[in-house]
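# Examination of the molecular architecture
What follows is each chain in one-letter form.
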Amino acid sequence: MKKNFLMLYFCTITLSLAGCMSNTEENEITIAAASSLTDVLEQAIPLYEKEYDIEVNLLLGGSGKLARQIEQGAPVDVYLSADRRWIEDLQEAGMVENDSYVEYATNRLVLVGSNTQKESLAFRKLNSLSSDKQVAIGNPKSVPAGTYTKQALEKIQVWEQLKKQVIFASNVRQVLTYVETDEVDYGIIYASDAEISDNVKILDEVDNQLHDSIIYPGIITSKSRSKEKSKAFLSFLNEKQIQGIFNSYGFMSVANRSMVE
C-alpha cells in the first residue's frame with residue numbers, strides 16, 4: 001500500500017495545510033503529528049494500516065503550527081501534539097472531541113553538541129557560555145520543546161542573559177539539523193531526537209523539575225470523517241508493540257512517567 005508521508009515543513013509558508021493534502025476518503029485518515037514523532041510513526045503506521053486495512057496520510061511539523069492549521073479548517077482526523085497546551089487551545093475552540101483525549105508517551109530534554117564539538121558543557125553552566133557561541137532551540141511560541149527549554153532556562157535564571165545567543169527553529173528536527181551541520185554550537189532537543197542521530201552527542205540532561213512534564217497527547221478533531229478508525233489509532237498507540245517502538249527511540253511510556261520525573 002502506498003504511503004503518503006507528507007512533511008509539513010516542505011510546504012511553503014504561503015501554502016495552506018489543506019493544499020498539502022489529497023482529499024481524505026472514508027478508507028483514509030489524516031494524522032497531524034509533532035515532528036519529534038517522525039521515526040516512531042513511520043514505523044508504527046504501516047502496522048496500523050495492515051491491521052485495519054486503511055491508508056494513513058501523515059503530516060509532520062511543529063505542534064503549534066499544526067494546531068493553527070486545524071483551527072483554520074484543515075481536514076485532519078487525528079492530532080498528535082508534543083504537549084497539552086495546543087490541544088487545550090483546540091478544546092477551547094471546540095475543534096476536537098474531548099472524550100477521545102489520550103496520553104501515550106513522555107520524553108526528556110537534553111543538551112547536545114555535534115560530534116566535532118570538543119568542549120563539554122553542563123546545562124546549568126550555560127551562563128558561562130562565551131558570547132560568540134550560539135544555542136538552537138525550538139521557537140517557544142509554537143514548538144513545545146522550545147517552551148519547555150525556555151521554562152528551564154528561566155528557572156536557572158539564564159534566559160535573559162542567553163537569549164541574544166539563541167537561534168529559534170520551527171521544529172525540534174530543525175534544531176537537530178543545525179547542530180549536526182555545525183550551524184550552531186549547541187542545541188536543546190528531546191532525548192528521542194538525539195537517539196536517532198549519529199552526528200550529535202549528549203552533553204547533559206536537563207533536570208525535568210525545571211519545566212512542565214513532557215507529555216505527548218492525542219485527540220480526534222471534530223471534523224474527522226473517520227472517527228471510529230481514528231479512535232482505533234489512538235488506542236493502537238498504547239498497545240504493547242507500539243509502546244516498544246516508542247521506547248526504542250528514547251521515549252518513555254506514560255505508565256513509567258515517574259522514571260523521568
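One can find the structure itself at the top, above this paragraph.
Note that this is a predicted model, so its numbers are computed, not measured.

### Quick word on the side chain of T221
Within the element layout of this structure, T221 appears in strand 11 (residues 215-221). With relative accessibility at 2%, the residue T221 sits in the buried group. There is a polar contact of 2.4 Å between the side chain of T221 and the backbone oxygen of V76. Excluding its chain neighbours within four sequence positions, the residues that come into contact with T221 are I70, V76, D77, M95, V96, E97 and K227.

### Points about the sheet that holds strand 9 (residues 186-190)
Across the sheet, which stays open at both edges, the five strands sit in the order 8-7-9-6-10 with mixed pairing between neighbours. The open sheet has two free edges, formed respectively by strand 8 (166-169) and strand 10 (200-205), since each of these has just one partner strand. Strand-to-strand twist in this sheet, taken as the mean axis angle between neighbours without regard to direction, amounts to 35°. Taken together, the five bridges between strand 6 (residues 109-114) and strand 10 define a ladder with antiparallel strand orientation. Along strand 10, the bridge assignment pairs S114 with V200. Lying over the sheet, helix 6 (residues 172-180) contacts strand 6, strand 7 (135-138), strand 8, strand 9 and strand 10, oriented at roughly 145° with respect to strand 9.

### Side note on the packing of aromatic side chains
Inspection of the entire model under this criterion finds ten aromatic pairs. One aromatic cluster is present, built from ring pairs that chain together Y104, Y190, Y216, F246 and F251.

### Let's talk about the pattern of salt bridges
On inspection of all chains with the given rule, the structure shows nine salt bridges. Close ionic contact of K133 with E119 constitutes a salt bridge, the shortest N to O distance being 4.0 Å. Taken together, the residues span a long stretch of sequence, with K133 in the loop between strand 6 and strand 7 and E119 in the loop between strand 6 and strand 7 at a distance of 14 residues. The exposure class assigned to E119 is partly exposed, which follows from its relative accessible area of 40%. The salt bridge partner of R124 is D207, with a shortest N-O separation of 3.4 Å. Residue R124 is found in the loop between strand 6 and strand 7, and its partner D207 is found in the loop between strand 10 and strand 11; the two are separated by 83 residues along the sequence. Residue classification places D207 among the partly exposed residues on the basis of a relative accessible area of 33%. Through salt bridges that share partners, D39, R173 and D193 make up one connected network.

Procedures and definitions
- Residues numbered from 1 in each chain as written.
- Predicted model: local features only at pLDDT ≥ 70, side-chain atom pairs only at ≥ 80, totals over all residues.
- Heavy atoms only, no water.
- Helix = DSSP H or I, 4+ residues; strand = E, 2+ residues; numbered from the N terminus.
- Buried < 20%, exposed > 50% of the residue type's maximum accessible area, 1.4 Å probe, protein only.
- Polar contact = N/O pair within 3.5 Å; in protein donor to acceptor, adjacent residues only side chain to side chain.
- Contact = heavy atoms within 4.5 Å.
- Pairing = 2+ DSSP bridges.
- Axes fitted to C-alpha atoms, helices over the stretch in contact; angles between N-to-C directions.
- Phe/Tyr/Trp six-rings, centres within 6.5 Å; stacked < 30°, edge-to-face > 60°.
- Salt bridge = Lys/Arg side-chain N within 4 Å of Asp/Glu carboxyl O.

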